[in-house]
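# Coordinates in review
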Amino acid sequence: MLKLNFDNSYIRLPDQLFKRSAPAAVSDPSLIRVNRTLFAALGATESALDDAELAAVFSGQALLSGADPIAQAYAGHQFGQFVPQLGDGRALLLGEVIDPEGRRFDIQLKGSGRTAFSRGGDGLAPLGPVLREYLVSEAMQALGVPTTRALAAVTTGDRVAREQWAPGAILTRVAASHIRIGTFQYFAAREDHEALDALLQHTLQRHYPEVAESPDPIPALLEAVADRQARLIAHWMSLGFIHGVMNTDNTTLSGETIDYGPCAFMEGYRPEQVFSSIDQGGRYAYRNQPGIAQWNLARLAEALLTLSSNPDSQLEDIREIIADFPQRYELHRAEILRRKLGLASAEDDDLALADDWLALMAADSTDFTLSWRGLANLAQDPAALDELFSDTGAVRTWRDRWLARLHTEGTPADTAAARIQGASPAVIPRNHRVEEAIRAAEDNNDFSVFDKLLAAVTSPFDPEGERSHYGQPAAPSERVYQTFCGT
Ligand code: AMP
Ligand code: MG
C-alpha cells in the first residue's frame, strides 16, 4: 500500500475555513502519468503499486491512509470585482504531507467533483486544462520559478460538457499551501475575526515563522508577502510568462504561482500581449502584471487591517509597504536580469542596459526566448542575431556597451555565454506545442506527444533543446493567438 506521512493542520482550524467533502465516483479511472521524482521527494513509500492502483488513488476512488478531504473557503476579486464566496468548487484538499525534510505540502485533487462551493459548476476538469497545468507547472519548477507542482494526472472515463464534450481528467497538485489573498478576504468580508485570526496565525507559522515573532505581525507579514510576490512576478516577466487570471483568489500567500488557466509564454515580445479569451480589457496583460500584484497586495492589506486593534497607527506603515512595491520589484528584476546578461556584479546602470535590450526586442517583436538565449552567441559573435533584428547597427551599438560592462567586471565572453545558458532557457512550453500535445491526447488518446514535450520543458536549459523543434517559435500557421480557461 502506498504511504505518505499525512498531518492535516488545516482541519484543526475553525470549521468556517472549510467543508468536508468526498471525491465523486468516476467510471473508469486511468493513469496518464505520475511524477515519480516528486512522489519520492514527498517521502512516498510505494511497494510495487500498479497503474490501476495509482489511478484509483489519484482519481479519489481510493483514499490514502491519513487523507481527510476538504474544500477550502475563499473569496476574491475577479477582474477587479469582489466576489464574497468562491472556494474550492472543483478541487479537494486531500490533506497535508510532511516530507522527509520536515516540510509541509498540500496534496489536492483538481476536477474531483462538486463541493459545497461549486455554485453552478460541475466540479469537473476537462483533459486539456489538466495537461496544460501539468506541463506548465512542471516547466516553471524546472525554470526555477516558485510554483505548485503536478504529482499525477488521470483520465476519469467520463465526458465533461464544455463548448464541446471533452474527456474528464483529474490533476493531483502539490503546493506549499493553497492559502490565497482571497482566503483572507473571505473572512474579512464576514467580519469573522475568529477565523481570520486563526488563518493569520496558521499562515505565519507555516510560511513566515520568522515574522510570527514580530511585535507587529500585520505589516511584517504584508512586507514579507510583498517581497515574495515581487520576486515571483520579476521571475515571470523575465521569462515572458503571462498568468492570464491574476485575481486575488489566484494569488498565494506562499509566493508560489497557482491556478494555471489561460496562461501562456509570449513568443514575439509585445509588452501589451494578452492571450486569455476572457481578458477583454487586457487587465492581465504581460506589462500590467507587476501593477496588478501591487493592487492585489492592497486587497490583502485591507483584509488584514480588519484584524488590527489599532488600524490608524498601522496605516502609514502599510501604505508605505504597498507604495514601495515597484522599487522592491525593480530590485528583484535587476538581480534576475543581471544573470540573464551574464553579469556577476551589480552596477546602477544594469537595468538601463537590460531595458535597452528589451527595447530592441520590442521594436521587432523578436522571439522573447530566442533573443535572451541568443545573448550567449551574441557575446561571441556580433552578427549572431542579425536574422532576428531589422536594425542590426543598433544591436551592435548595444552589444559594444554590454561587452564593455562585462569587460569592466573582468568577465570574458565565453564565461558570460555559459552564465547566460544557465539563466535563460532554450525551451519553454510554447503554446503551439502545448496545443499539439492536448490535441493528440483529446482526439486520439495519444499521450506520447505530451510525454515528449514534458521531457523537453523540464530540461529547459539543455543546449540540445536549441536544436530540437521545441526550441523553435511557431510558424505563422501554427501560431496561437488566444488561450481559454477551459474550466
Ligand atoms: P479558477 O478558474 O481556478 O480561478 O476558479 C475560480 C472559481 O470558480 C473557483 O471558486 C473554482 O472552484 C470555481 N470553478 C471553476 N471551474 C469550476 C467547475 N467546473 N465547477 C465548479 N466550480 C468551478
Ligand atoms: Mg483559481
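Computed from a predicted model, the values in this text were never measured in an experiment.

### Thoughts on the site of ligand 1
- Taken together, 18 residues lie near ligand 1, and Gly87, Gly89, Arg90, Asp122 and Gly123 sit nearest.
- At 3.1 Å from an oxygen atom of ligand 1 is found a side-chain nitrogen or oxygen belonging to Asn250.
- Burial of ligand 1 by the surrounding chains reaches 86%, relative to a free accessible area of 480 Å².
- Across the shell around ligand 1, the residue classes break down as three nonpolar, eight polar and seven charged.

### Section: the side chain of Asp192
- When you line up the elements, Asp192 lands in the loop between helix H4 (181–189) and helix H5 (193–207).
- The side chain of Asp192 sits in the buried core without any salt bridge; Arg190 is the nearest counter-charge, 6.9 Å away.
- If sequence neighbours within four positions are ignored, Asp192 has contacts with Gln16 and Phe187.

### A few points about the domain arrangement of the protein
- Entries for the protein in the domain assignment read domain 1 (10–175) and domain 2 (341–423).
- Just the C-alpha atoms count here: the centres of domain 1 and domain 2 sit 41 Å apart.

### Thoughts on the coordination of the magnesium ion (ligand 2)
- Those donors, Asn250 (OD1) and Asp259 (OD), are the protein atoms that reach the magnesium ion (ligand 2), and they lie 1.9 to 2.1 Å from it. Note on accessibility: Asn250 and Asp259 belong to one class, buried.

### A closer look at the packing of aromatic side chains
- Applying the stated rule across the entire model yields 13 aromatic pairs.
- Ring centres of Phe241 and Tyr260 lie 6.2 Å apart, and the angle between their planes is 65°; this geometry places the pair in the edge-to-face category. One end of the pair, Phe241, is in strand E11 (residues 241–242); the other, Tyr260, is in the loop between E11 and strand E12 (264–265), and 19 residues separate them in sequence. Considered together, Phe241 and Tyr260 belong to a single accessibility category, that of buried residues.
- An aromatic cluster of three or more residues is present, and its members are Trp236, Phe241, Tyr260 and Phe265.
- The ring centre of Tyr74 lies 4.3 Å from the NZ or CZ of Arg180, which sits over that ring.

### Details of helix H9 (residues 311–323)
- Its 13 residues give H9 an end-to-end C-alpha distance of 17 Å, which sits within 8% of 18 Å, the value for a rise of 1.5 Å per residue.
- Regarding H9, the residues found buried are Gln314, Ile318, Ile321 and Ile322.

### Observations concerning the pattern of salt bridges
- Counted according to the given criterion, the structure contains 36 salt bridges.
- For the salt bridge of Asp259 with Arg173, the shortest nitrogen-to-oxygen distance reads 2.7 Å. Placement of the pair is Asp259 in the loop between E11 and E12 and Arg173 in strand E10 (residues 165–175), with a sequence separation of 86 residues.
- Given the relative accessible area of 14%, Asp259 is considered buried.
- A salt bridge links Arg180 to Asp259, with the nearest nitrogen and oxygen atoms 3.1 Å apart. Here Arg180 is found in the loop between E10 and H4, whereas its partner Asp259 is found in the loop between E11 and E12, with 79 residues between them in sequence.
- One network of salt bridges, in which partners are shared, links Lys110, Glu133, Arg173, Arg180 and Asp259.

What counts, and where the lines are drawn
- Residues numbered from 1 in each chain as written.
- Chains lettered and ligands numbered in written order.
- Predicted model: local features only at pLDDT ≥ 70, side-chain atom pairs only at ≥ 80, totals over all residues.
- Heavy atoms only, no water.
- Near = heavy atom within 4 Å.
- Polar contact = N/O pair within 3.5 Å; in protein donor to acceptor, adjacent residues only side chain to side chain.
- Areas by Shrake-Rupley, 256 points an atom, 1.4 Å probe, with all protein chains shown as cover.
- Nonpolar A, V, L, I, M, F, W, Y, C, P; charged D, E, K, R; others polar.
- Helix = DSSP H or I, 4+ residues; strand = E, 2+ residues; numbered from the N terminus.
- Buried < 20%, exposed > 50% of the residue type's maximum accessible area, 1.4 Å probe, protein only.
- Lys, Arg positive; Asp, Glu negative; His and termini not counted.
- Salt bridge = Lys/Arg side-chain N within 4 Å of Asp/Glu carboxyl O.
- Contact = heavy atoms within 4.5 Å.
- Domains from an automatic or database assignment.
- Donors = N, O, S within 2.8 Å, 3.2 Å for Na, K, Ca; no water.
- Phe/Tyr/Trp six-rings, centres within 6.5 Å; stacked < 30°, edge-to-face > 60°.
- Lys NZ or Arg CZ within 6 Å of the ring centre and 35° of its normal.
- Expected span 1.5 Å × (residues − 1).

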